[in-house]
Amino acid sequence: MNTPDSELDDSTRHAFEVVSSRDVHVGKILALRVDEVRMPGGGTARREVVEHLPAVAVVALDDDGRVVLIRQYRHPVGERLWELPAGLVDHDGEDPLAAAKRELVEEVGLEAADWSVLVDVAASPGFTDEAVRVYLATGLSEVTRVEMGEEEADIVMRRFPLAEAVRMALGGEIVNASAVAGVLAASAVDSGAAPPRLADAPWPGRSTAFGARQGD
């Protein structure tokens, strides 16, 4: 059964007011705060929130229809994961497209002639405001990579046919959220099911709380 449109009008529904907030930790790329939030029944509930810089990821698709994936170690899960070239938007005022172009060069030594937006991802909205914008990059050309750090030196790069990357995502071999979303979105665009957005499309869901701290 479809939900009535009136129930989707946020302006007429409960406002989850933050009664109080305190910082637990403020680091280089994230902060942990605890909010006390007014609930619909009149009481309050404590919510732990991780503020995180926004990030970008790139589905780099070559002329043969292959997508560039990297495999790198992720300490929180203790495993090497297949991912898209990706990185942080370093500061609040940085253009996310510029960040995506930088990461494509730094991680896989590629530039792209054509850029568009595939999908925006709320990484894990149950506890963090982190948002990831995934771009589609085509018209690839190789460039010299900059010197990498110790962690990046362990990265392995491979090109997979887009259909194979889709199979890997659906088969549980690709589990990184933005990589799964990006690969499936690229397949949808490639099939003609939906068009991509302009490279400078608005990003209303971009995470801003941690970036605002940089100006404090």
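Worth saying up front: this structure is predicted, and the values here are computed from it rather than measured.

How each quantity is defined
- Residues numbered from 1 in each chain as written.
- Predicted model: local features only at pLDDT ≥ 70, side-chain atom pairs only at ≥ 80, totals over all residues.
- Heavy atoms only, no water.
- Pairing = 2+ DSSP bridges.
- Helix = DSSP H or I, 4+ residues; strand = E, 2+ residues; numbered from the N terminus.
- Axes fitted to C-alpha atoms, helices over the stretch in contact; angles between N-to-C directions.
- Contact = heavy atoms within 4.5 Å.
- Phe/Tyr/Trp six-rings, centres within 6.5 Å; stacked < 30°, edge-to-face > 60°.
- Buried < 20%, exposed > 50% of the residue type's maximum accessible area, 1.4 Å probe, protein only.
- Polar contact = N/O pair within 3.5 Å; in protein donor to acceptor, adjacent residues only side chain to side chain.

K.L.:
Lay out the sheet that holds strand 5 (residues 66-74) in plain terms, naming residues and giving numbers.
P.N.:
With antiparallel pairing, three strands are arranged side by side in an open sheet as 6-5-10. Two strands bound the open sheet, and with one partner strand each, they are strand 6 (79-83) and strand 10 (156-161). Shown here is a sheet whose adjacent strand axes are inclined to one another by a mean of 30°, direction ignored. With six bridges connecting them, strand 5 and strand 10 associate as antiparallel partners. Each bridged residue has a counterpart across the sheet, and for Leu 69 the counterpart in strand 10 is Arg 158. Contacts from helix 2 (residues 162-170) reach strand 5, strand 6 and strand 10 within the one sheet, and its direction differs from that of strand 10 by about 105°.

K.L.:
I'd like to hear about the packing of aromatic side chains, residue by residue, with values.
P.N.:
Scanning the model with the defined rule gives two aromatic pairs in all. When the centroid spacing of 5.1 Å and the interplanar angle of 85° are considered together, the rings of Trp 82 and Phe 160 count as edge-to-face. Taken as a pair, Trp 82 in strand 6 and Phe 160 in strand 10 lie far apart in primary sequence, 78 residues in all. According to the relative accessible area criterion, Phe 160 is buried, its value standing at 16%. Note on Trp 115 and Tyr 135: the rings are 6.1 Å apart at their centroids and 80° apart in plane angle, and the pair reads as edge-to-face. Note that Trp 115 is positioned in strand 8 (residues 110-122) and Tyr 135 in strand 9 (residues 131-142), a separation of 20 residues in sequence. Judged by its relative accessible area of 15%, Trp 115 is buried.

K.L.:
Please set out the side chain of Asn 176 residue by residue, giving values where relevant.
P.N.:
Tracing the sequence through the fold places Asn 176 in the loop between helix 2 and helix 3 (177-191). For Asn 176, a relative accessible area of 18% gives the class buried. For Asn 176, the side chain forms a polar contact with the main-chain nitrogen of Ala 179, separated by 2.9 Å.

K.L.:
Talk me through the environment of Val 50; I want residue IDs and the actual numbers.
P.N.:
Tracing the chain through its elements places Val 50 in strand 3 (residues 44-52). Counting along the chain gives 94 residues from Val 50 to Thr 144, while the straight-line C-alpha distance between them is 36 Å. In contact with Val 50, other than residues within four places in its own chain, are Leu 30, Ala 31, Leu 32, Phe 127, Thr 128 and Asp 129.

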